[in-house]
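Structure at a glance
The primary structure of each chain is shown beneath.
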Amino acid sequence: MDIANPFARPLYVMLKPAGAQCNLSCRYCYYLEKSKYYSDNSLDVMPDALLEQFVRQYIEAQTTPEVLFTWHGGEPLLRPLSFYQKALLLQRQNAKGRHIDNCIQTNGTLLNDEWCRFFKENNFLVGVSIDGPQHFHDIYRCKSFEKVMRGIELLNKYDVQWNAMAVVNNLNVGHPVEFYRFFRDTLNCRFLQFTPIVERYDASGMLVAGLRDGGKLTATSVTAEQWGRFLCEIFDEWVRNDVGEMFVQLFDATLANWCGVPPGICSLAPVCGHSAAMEHNGDLYSCDHFVFPEYKLGNIQNETITSMMYGEQQRTFGQAKRTALPRQCKECQYLFACNGECPKNRFLTDEYGDFGLNYLCSGYLRYFRHVASAMDFMADEWREGREAANIMHSVL
């Protein structure tokens, strides 16, 4: 296998140490069903020997001096603290001079003093899933709002770095400014990510892989029109008040593409394939949103992370983001900013009859048109070595 030309940037593997297990059962969760692929394993947790193999292979696969471990789920805090203590020990033993960081995504309900002390002492970045004010969050997330808020209070108590990860659904999408101000004013959150629900199910009730045709959209999914309006209204609030103070991942990535630098998130990048997902038993998949049998690359007990991530199957998957663009995308003036967005959402037919148009296309088009002049201004400021936040002196 030809692996002589490694990626020009780091590769990432989102590790699922507890598989799809979770102490919640959120109505819109795209990952809970993955446990059906592993029904023969009642534990669904990563054994220590496999953890050791993963840490060694993952570090060896990197081509840069910085290594980022991402712990995900399911709910990764279902594994005991001792599991992560062992992981850190293995990281130190295999680092060979590399700088290693860790981030972990949690629903926040299991956070306690012991976990937060550990995260602070070991410089973890903690992502907390919270979908806005309680009357939005509790509807789909098992009425867990109060527990999540207690978890955030503990993170703040121990001065742990954290950011918010919000799911935009059919309910909160209609209240963008209230949603945004909750994170800014109530949580005093300065790093915000949000992602829209776009999920389809087949007749058997299983999720449909993104690049397949067909399937029925879930009731919790947003429409393209809703998504576009949501982005525009939050952007207007942000660009007038919070540039340089509140970091919204999508806006930062849009500005990066306007400046001609890597956007930092795969959904707006020209190609993908640098971020895989690994299940508790060592199965490696092309992407966290493509944990389907046809996107399984192999298992680290039989093949190395390096050979799978740099192999033909993964290279083809990553390049397809660009090569499979329909004609309408190729002719779009905002292709440089969007790059077709995430392949999991590309299941419509475009105006020429080509398959592969993004379901959210019209919403993104509305957003890019809306922000274009502000992005032009901020990009010019950046090129001149000035602060993008100067935009706040120029908008009404």
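Let us look at the side chain of T220. Of note, T220 is situated in the loop between β8 (216-217) and α7 (224-241). In this structure, T220 is in contact with R27, Y28, Y140, N169, N170 and I197, ignoring residues within four places of it in sequence.

What follows covers the layout of surface pockets. Its volume calculated, the second largest pocket comes out at about 250 Å³. Forming the boundary of the second largest pocket are 15 residues, of which V243, F247, D252, L255 and A388 lie nearest the centre. Sort the elements by how many residues they give to the lining of the second largest pocket and helix α8 (residues 249-259) lands first, with four residues. Here the lining of the second largest pocket is composed, by residue class, of 11 nonpolar, one polar and three charged.

What follows covers the packing of helix α1 (residues 48-61) against helix α2 (residues 81-94). At a minimum axis separation of 10 Å, α1 and α2 run at an interaxial angle of 40 degrees. Of the two possible hands of crossing, α1 and α2 adopt the one that is right-handed. When α1 is examined against α2, the residues D48, L51, E52, V55, R56 and I59 are found in contact with a partner set consisting of F83, K86, A87, L90, Q91 and N94.

All right, on to the sheet that holds strand β9 (residues 247-248) then. Ordered by their spatial adjacency, 10 strands build an open sheet running β9-β6-β5-β4-β3-β2-β1-β10-β11-β12, and the pairing between neighbours is mixed. Of all strands in the sheet, those bounded by a partner on one side alone are β9 and β12 (296-299). Alignment of strand β6 (residues 191-196) against β9, held across two bridges, turns out to be parallel. The residue of β9 that forms the bridge with L192 is V248.

Let us now look at the packing of α7 against α8. As a packed pair, α7 and α8 sit with axes 11 Å apart at the nearest point and diverge in direction by 85 degrees. Between α7 and α8, the crossing angle belongs to the class labelled roughly perpendicular. Here W227, L231, I234, F235 and W238 of α7 come into contact with α8, specifically with L250, F251 and D252. Broken down by class, the residue content of the contact of α7 with α8 amounts to seven nonpolar, no polar and one charged.

Parameters at a glance
- Residues numbered from 1 in each chain as written.
- Predicted model: local features only at pLDDT ≥ 70, side-chain atom pairs only at ≥ 80, totals over all residues.
- Heavy atoms only, no water.
- Helix = DSSP H or I, 4+ residues; strand = E, 2+ residues; numbered from the N terminus.
- Contact = heavy atoms within 4.5 Å.
- 1 Å grid on protein atoms, 1.4 Å probe; cavity = no way out; pocket = protein on both sides within 12 Å on 5 of 7 lines; lining within 4 Å.
- Points joined across faces, edges and corners; volume = space filled by probe spheres on them.
- Nonpolar A, V, L, I, M, F, W, Y, C, P; charged D, E, K, R; others polar.
- Axes fitted to C-alpha atoms, helices over the stretch in contact; angles between N-to-C directions.
- Left-handed = near helix turned anticlockwise from the far one by under 90°.
- Pairing = 2+ DSSP bridges.
- Parallel < 35°, antiparallel > 145°, perpendicular 65-115°, else oblique.

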